[in-house]
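# Understanding the architecture of this molecule
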Amino acid sequence: MGATGSKDKLGGSPSVPQMAGGMPGAAGEMQSPELKCAVPVAFRWHHAAQREVYVVGSFSNWQTKIRLTREPETDAYSTVVQIVPGIHQYKFIVDGEWRCAQDQPRCLDSVGNENNCLEVEEAEAPEPEPLEEDQMGKEEPPSPRSSYNCQSVDPDEYIKDPPAMPPH
């Protein structure tokens, strides 16, 4: 982040125009209809950190710090965030310092601050599997009904009291 960036409630986020369809800023807010089409997006910080790593971005109007979890086997940090489709900018807060990941796409915001950026596309619904030819148009199950051997329950059985419980 450049020295000319403005600060927000978190004390240091870059100035970024508010993106349409951003996530609600306060916990417990009702989910907007736009969030119903949110897509899970993985964020990873592959660099050193002493204590903690957060991600903040335009997907939450730069208001919500989302903590990344350390992966012990790789020392990387990661999390998954539900984000509405669109172009989003984000930054990591590593041990209290705002940082861009140099190994991820970067762009400049409206006042010249460098941020990471990503484009989230709508999730595609999986294609339904076509029915096999032998399943198409069949009304009867593959085995004859007479092979099921189900005896009908006497309607009087439904009005009887349940059996007594055995003593403990």
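Since the structure is predicted, the reported quantities are computational estimates derived from the model, not experimental observations.

### A short note on the overall build of the protein chain
In terms of regular secondary structure, the protein chain is built from zero helices and nine strands. Beginning at the N terminus, the succession of helices and strands in the protein chain can be written as β-β-β-β-β-β-β-β-β. The 168 residues of the protein chain split such that 32% are buried. Contacts in the protein chain between residues far apart in sequence, at least 24 positions, make up 67% of those at least 6 positions apart. For the protein chain, the exposed area adds up to about 12200 Å²; of that, 52% sits on carbon and sulfur atoms.

### Quick look at the packing of aromatic side chains
This structure, assessed with the given rule, holds four aromatic pairs. For the pair Phe43 and Phe59, a centre-to-centre distance of 5.5 Å together with 35° between the ring planes defines the contact as tilted. One end of the pair, Phe43, is in strand β1 (residues 39–45); the other, Phe59, is in the loop between β2 (53–57) and β3 (66–67), and 16 residues separate them in sequence. The pair Phe43 / Phe59 is uniform in exposure class, with both members buried. Considering the side-chain rings of Trp45 and Phe92, the 5.0 Å spacing of their centres and the 50° angle between planes classify their relative orientation as tilted. Separated by 47 residues along the polypeptide, Trp45 in strand β1 and Phe92 in strand β6 (residues 86–94) bring together distant segments of the chain. Joined through ring pairs, the aromatic side chains of Phe43, Trp45, Phe59, Tyr90 and Phe92 make up one cluster. Here the guanidinium or amino end of Lys65 rests over the ring plane of Tyr54, the centre of that ring lying 4.5 Å away.

### Here's the deal with the nonpolar core
Within the largest apolar cluster, 19 residues are counted, with the highest numbers of intra-cluster contacts made by Phe43, Trp45, Val53, Val55, Phe59 and Phe92. Where this core is concerned, the elements lending two or more residues are β1, β2, β5 (76–83), β6 and β9 (114–120). Among the elements that take part in this core, β1 stands out by supplying four residues, more than any other. Contact partners of Trp45, with chain neighbours within four places excluded, come to Val53, Leu68, Ala76, Tyr77, Phe92, Val94, Arg99, Cys100 and Ala101.

### Structural notes on the sheet that holds strand β4 (residues 69–71)
Read from one edge of the open sheet, three strands run β1-β5-β4, paired in antiparallel fashion. Where the open sheet ends on each side, the last strands, each with one partner, are β1 and β4. Across the sheet, the mean angle separating the axes of adjacent strands is 35° when strand polarity is ignored. As paired elements, β4 and β5 share three bridges and run antiparallel to each other. Considered in β5, the bridge of Glu71 is made with Ala76.

### Things to note about the pairing of β6
Look at any regular strand and the pattern is simple: side chains alternate between the two faces of the sheet. Burial within β6 is extensive, with seven of its nine residues counted as buried. Here β2 pairs with β6 via five bridges, running antiparallel. Bridge pairing in β6 places Val56 opposite Lys91. Here β6 pairs with β9 via five bridges, running antiparallel. In the sheet register, His88 faces β9, and the bridge partner there is Leu118. Direction of pairing for β6 relative to strand β7 (residues 97–99): antiparallel, over a ladder of three bridges.

Rules used in this analysis
- Residues numbered from 1 in each chain as written.
- Predicted model: local features only at pLDDT ≥ 70, side-chain atom pairs only at ≥ 80, totals over all residues.
- Heavy atoms only, no water.
- Helix = DSSP H or I, 4+ residues; strand = E, 2+ residues; numbered from the N terminus.
- Buried < 20%, exposed > 50% of the residue type's maximum accessible area, 1.4 Å probe, protein only.
- Contact = heavy atoms within 4.5 Å.
- Areas by Shrake-Rupley, 256 points an atom, 1.4 Å probe, with all protein chains shown as cover.
- Phe/Tyr/Trp six-rings, centres within 6.5 Å; stacked < 30°, edge-to-face > 60°.
- Lys NZ or Arg CZ within 6 Å of the ring centre and 35° of its normal.
- Core = buried A, V, L, I, M, F, W, Y, C linked by side-chain atoms within 4.5 Å.
- Pairing = 2+ DSSP bridges.
- Axes fitted to C-alpha atoms, helices over the stretch in contact; angles between N-to-C directions.

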